[in-house]
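Letter by letter, the chains look like this.
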Amino acid sequence: MELKKSQIEYMIADLHRRGLVYQPLEEELIDHVCSMVEVRMEDGMRFMEAYRSALTLFGDEREIQNLQQQSLYNTYSTRFAMINNYLKISIRNLKKHAFYSIINVVGLSIGLACVILITLYVLDELNYDRHHDKADRIYRIANHIRFGGNDSWYAVCPAPLADALMSEIPEIEVANRFRSWGDFLVKKDVENFNEEGVIWADPEVFNVFTIPLLKGNPEKVLKDPNTLIISESGARKYFGDTDPMNQTLILNNSMNYKVTGVFQDMPVNSHFHFDFMLAMEGLDESKNQVWLSNNFQTYFVLNENADPGRVESKINELFVNHAGPQIQQIMGKTYEELENEGAKAELFLQPLLDIHLNSDLIVEFEPNGDIKYVYIFSAIALFILILAMVNFMNLSTARSADRSKEVGIRKVLGSLRIYLIRQFLTESILITTISIIVAVLLAILFLPYFNNLAQKSISFPFSNPVFWISLILYAVLIGFLAGIYPAFFLSSFKPVSILKGKRSRGAKSSLVRSILVIFQFAISIMLLIGTAAVYNQLNFIQNKKLGFNKEQVIIIDDAYVLDNQINSFKEEILSDPRMRSGTISGYLPVSNSSRSNTTFWTKGERTMENSVNMQKWIVDHDYLETMGMEMIEGRFFSSEFPSDSNAVVLNERAAGLFGFEEPVGQEIQTFRFQPDNSIDEQELETYHVIGVVRNFHFESLRENIGSLCMNLGQSTSKISFKFNASSTAAVIDLIEKKWKDLAVGQPLQYSFLDQDFGKMYAAEKRIGLVFTSFAILAVIIAGMGLFALAAFMAEQRTKEIGVRKVMGASMGSIVFLLSRDFSKLVILAFFVSIPLAWYGIRVWLQGFAYKDVPGLYVYLAAGLAALFIALITVSYQSIRAASTNPANSLRDE
Amino acid sequence: MRKTELIKGTLQTIILKLLSDNERMYGYEITQKVKEMSNGELVLTEGALYPTLHKLVAEGFLTTETEKTGKRIRKYYKITNLGYVFAGHKIGEFIDFIRMMSQILQIKPHLS
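Now for a quick tour of the structure. (Residues numbered from 1 in each chain as written. Chains lettered and ligands numbered in written order. Predicted model: local features only at pLDDT ≥ 70, side-chain atom pairs only at ≥ 80, totals over all residues. Heavy atoms only, no water.)

On to the sheet that holds strand 3 (residues 72-79) of chain B, then. Reading across from one edge, 1-3-2 (chain B) is the order of the three strands in this open sheet, with antiparallel pairing throughout. Unpaired on one side and paired on the other, strand 1 (25-26) and strand 2 (62-69) of chain B mark the two borders of the sheet. (Pairing = 2+ DSSP bridges. Helix = DSSP H or I, 4+ residues; strand = E, 2+ residues; numbered from the N terminus.)

Residue and element names in this part refer to chain A. Counting across every chain of the model gives 53 aromatic pairs over all chains. Considering the side-chain rings of Phe47 and Tyr51, the 6.3 Å spacing of their centres and the 5 degrees angle between planes classify their relative orientation as stacked. Here Tyr51 and Phe47 lie together in helix 3 (residues 47-58), a separation of four residues that amounts to about one turn. For Tyr51, a relative accessible area of 3% puts it in the buried group. (Phe/Tyr/Trp six-rings, centres within 6.5 Å; stacked < 30°, edge-to-face > 60°. Buried < 20%, exposed > 50% of the residue type's maximum accessible area, 1.4 Å probe, protein only.)

On to the packing of helix 6 (residues 98-126) of chain A against helix 24 (residues 762-796) of chain A, then. Residues and elements named next belong to chain A. Between helix 6 and helix 24, the shortest axis-to-axis distance is 10 Å and the interhelical angle comes to 160 degrees. The orientation of helix 6 with respect to helix 24, classified from their angle, is roughly antiparallel. The two elements helix 6 and helix 24 cross, and the hand of that crossing is left-handed. Facing Phe99, Tyr100, Ile103, Val106, Gly107, Ile110, Gly111, Cys114 and Ile118 of helix 6, the residues of helix 24 in contact are Phe774, Leu777, Ile780, Ile781, Met784, Phe787, Ala788, Ala791, Phe792 and Glu795. Its residues placed into classes, the contact of helix 6 with helix 24 shows 16 nonpolar, two polar and one charged. (Axes fitted to C-alpha atoms, helices over the stretch in contact; angles between N-to-C directions. Parallel < 35°, antiparallel > 145°, perpendicular 65-115°, else oblique. Left-handed = near helix turned anticlockwise from the far one by under 90°. Contact = heavy atoms within 4.5 Å. Nonpolar A, V, L, I, M, F, W, Y, C, P; charged D, E, K, R; others polar.)

Right, let's get into the sheet that holds strand 24 (residues 750-752) of chain A. Backbone-to-backbone hydrogen bonds join strands into a sheet, with any given pair of strands oriented parallel or antiparallel. Residues and elements named next belong to chain A. Read across the open sheet, the four strands follow the order 15-23-14-24; overall the sheet is antiparallel. The sheet terminates laterally at strand 15 (579-584) and strand 24, the two strands that pair on one side only. Going across the sheet, the axis of each strand differs from the next one's by a mean of 20 degrees, ignoring polarity. Relative to strand 23 (residues 718-723), strand 15 runs antiparallel, the two being bridged by five bridges. Among the inter-strand pairings, Thr583 is bridged to a residue of strand 23, identified as Ser720. This element, helix 19 (residues 566-574), spans strand 14 (553-557), strand 15 and strand 23 of the sheet and lies at about 165 degrees to strand 15.

In C-alpha cells, the structure reads:
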C-alpha cells in the first residue's frame, strides 16, 4: 500500500510540530513512521487511524525529544567527531559574519605581529655574552670615583690590578686586561683603513673568555711584543684567500705587527667586538705600577662556589693596600683622611651577563643596550595585544544578541553548558590561529623596519622548533584568554527567556564593554601624548641656545696623520674664500671627542676646598671663533701675547666653583703629568686666567654644564672649519682634494658638527619613533574595534532610527544620537590617561637636566586627535544608518 | 518489552549481527526483523535503536547510504570491515557473559 504524497507531507509537518528538528534523524524517522503507517493500512486501517496508532507506539513529543538528544549525544561523544563538529560550526559562523571576523583577525594579527617581533627582540637582548663557557662566573671590575665634588663611574681599572688579583686573592681563577686606544689606522701595503675594533689584550684572555682560534696556538699567541691576532673577517679583508699567518700589518703608520693567529668572528650578541688583538706585552703602560690612573678594562673568573660579595670587599682592601702609599706620596694625605674629606675610590663587580643591559659607564667598549628599552618594548607589545583582545571580547559580547537564539535552541536540544563553552572557545582559537598565520607574515614583512627601530639585526628563527611550538602555544593561550569571557557570558543565557523573545542582555549590558573601550582609548591617548612629549623635547633640544654655533662646521677626523703638514693643510683650506675660520683641536662640544679631567687649585696651599676638578681642553687661537662661543670677561688666546702659553680660559661654572670675584688675573695650579702618566709631587704647573667664556653645553642636555678650562696646546686628532652657508658640496670637494695631496693613502673621515650633535640624541629619536609607530598601531586597532562596535550598534537600532525618521528626526540629530555614547567614552578615556601620561613623561624627563615640560595643549591635542578619529569612525556608521530609508527598516513590522 | 533492562547491553551486538548477515537494512526493517526472529517477544524501541545506530556510525562500525523509495528517502545501514571484527568480538563477549552467568546462577542453558 503506497502512501499519498499529501499524506506524507501531513506527517512531516506534524512531526516537525511535535519538535522533530535534528536533521540527521529527520528523514529516517519519517521513513520509519511511514513504514509503520503502511503496515497498519494494509491491515485495513484508514490513514489517520494508522498514523495515530503508529504515533502511540512511537511515543509522544517527549519521546521524540529524548530520541534526538540520545542520538546527538551518542554521535558526538567520540572526541574526534566532537572537535570536528565544533570546527565546522565555527567556520560557518566566521563566514557568516565575515565583517566582524575580518576586524578581529586584522586587529589580532597586528597585535600578534608586534608580540612576535618584540619577543624576538627581548630574547636577543637577554642572550648577550652567554656564549662564553664560564659566562656566569666572569666579572668585570668597575670603578666609582668621587673627587672634587664629582662622581664618576668607570669601566676601567689601574694596570697592576689584574696581576695582584691573581696572586693575592685565591678565589680568583684568572684575570685579564684590555686596553683601548680608540681607532687605529691599519695598512698592509699602501692603503690605510680606519679600524675601530683594535684592542690590547693579555694572553689570559683565552682562559677568561671563549674565543675559538682558527689558526695559531692559544698557549702561545699574544705573548710576544709586536704580534697580533686577527678576526676571520679581518683576515679576509686584508689578506683575501692568502694565509695571514706571519704576515705583517702596519698600525698608525708606525708600528709593525706580525699576525700569529686568527680567531672566529665574535658573535653579534657580545658586548665587545674586536677585529685585532694586540699583545699587551708591547705596551709599556701595561707594566707600570701606578694605582691611581685607570685605563684597563679588567675581567676575571671567580672560582665555583666563591661568594662575589666577599671577593668584592677583598678587592677593595687590596686596592687600598696598594694605592694608599701612592696617594700619601702625591696628596700628602692617607686614603682614610681623603675619605673623611668626602673623596672616594671604590671598586665594584659587574657580572658579565649584566653588562649589556645594565651598564652605562665611562669607557665602555661599545654603547650597551638598556634594560629600559626591554621594559618599554615589552609593555607596549602587551598593551597592543590586549587592545586587540579587547576588540575580540567586545565584538563577541555585543553580538551575543544575535547568537542568543542559537544558544537557546542548543540548550533546549540538550546541549550542556560545557559544550557551548567549548564551541565558543573553538571559535576564538580558530580566529587566533588564522591571526597567528597572518601575524607571522606581517612580522616578516616589517622585520627590516623593526630592526631599524630597535637597532638590531634580528632574523627569524625558522629552523628553531621552539619558535614554532611557542607560536602554537600563543595561539591557544590567546584564543583561550580572549574567548573565555564571551564563552561564559554567552553560555550563561537562560533558554526560556531568550526563546520567549526577550532581548538578551548583550546589547544593553554595556558596562564591561564601555570599560574596555575606555581602556583601549586610554592606552591609545597615552601613547599619543607620549609621542607628542618626546617630539616636544627633541624640538626643544634642537632649538636650545647651546652657547656655541653648531651650524656650518665640518669636522675632519684623524687629522694627526697629516703630521707636520697639519698647519699648512689648515692654511691652504682657509685660503679659500668660502671658509671663515678653522681650528685644530680634538676637544669639541659634542660627545665622541676628546675629554680630559684634571684637578686644579688656586695657587698656594692645596686643600679640598680650593680644588676644582674640571675638563681641561687643549685648543688653538682660532677655537672660539670657529665654534662661535662668547667671552663674558677678559679675552681669548691671541698670538699677540706670547705669554698665553700658560694662560687659561675658564667657563662661567669653573669661575664660580673657584669663587673668583675677579677671575681675570687669578692663578691656578695643577700637577705636571710625567710621560708615563704618573705624577711627581714636586712638579707643578701654574696657569693665569685671562678670560671667562659663557657656559656652553659640551655634553648632552641630559647633563648639567660642568666646569671646564681651555689652554693652548697641540691636540691634533681633529680639525674643524667654519664655512659660509650654501657651499657644503664645494667645501667637501675642496677638503677631499687637499687631503689627497697631503695625506697620501689615508682615509678621509669627516662629519658636521650639527650631525654629531644630533647623534647624541639618537636614543631619544628612537623612543620618538617607537612611540609614533606603536601609537599609530594602537589607534588603528582601537579604531577598528570602535568601527565594528558602532556598526553593530547601528544595526541593533535600525528600527529605532526608522521610527525616529518617520517621526521627523533630522539626519544630523540621528548621527548625533549614535555618536554621543562613544564620544562620552573617548572623553572619559582622555581623563583616565592624563595622570598616567603625566607621570610617565615626568619620569622620562627626569633624565634631562634641560627640559621642556609639555604644556596642557600637548595633552589636549592628543585627546582631540583621538576624539576626532573616534568620531570619524563612528560617524561613518551613524551616517550610513541615518541615511537608510525608514521604509526598508520598518517594512517587516 | 519486558526484557528492556537486559536488552540494553546487547543492542549493539544484535544490530551488528543482523547487519553482518544482511547486506543492508533500514531502521524499521531492523525492528521488524528482531520482532520476527523473537516471535514478537522482543520489540526494539525507536528511542533505543536510532541513537545506537548513530553511535555505531560515528565510531566507524557502520556506514549509511540513502535511496529514494517511492515518495520518500530511505536510509540504509551497512556494516564496515571494522564492524565485522567488532561484531565477532561482541558476540564472543556475550557468549563469555552467558557462560559466566550460568556458572553463577547454576543453570544450564543450551548454547547452539
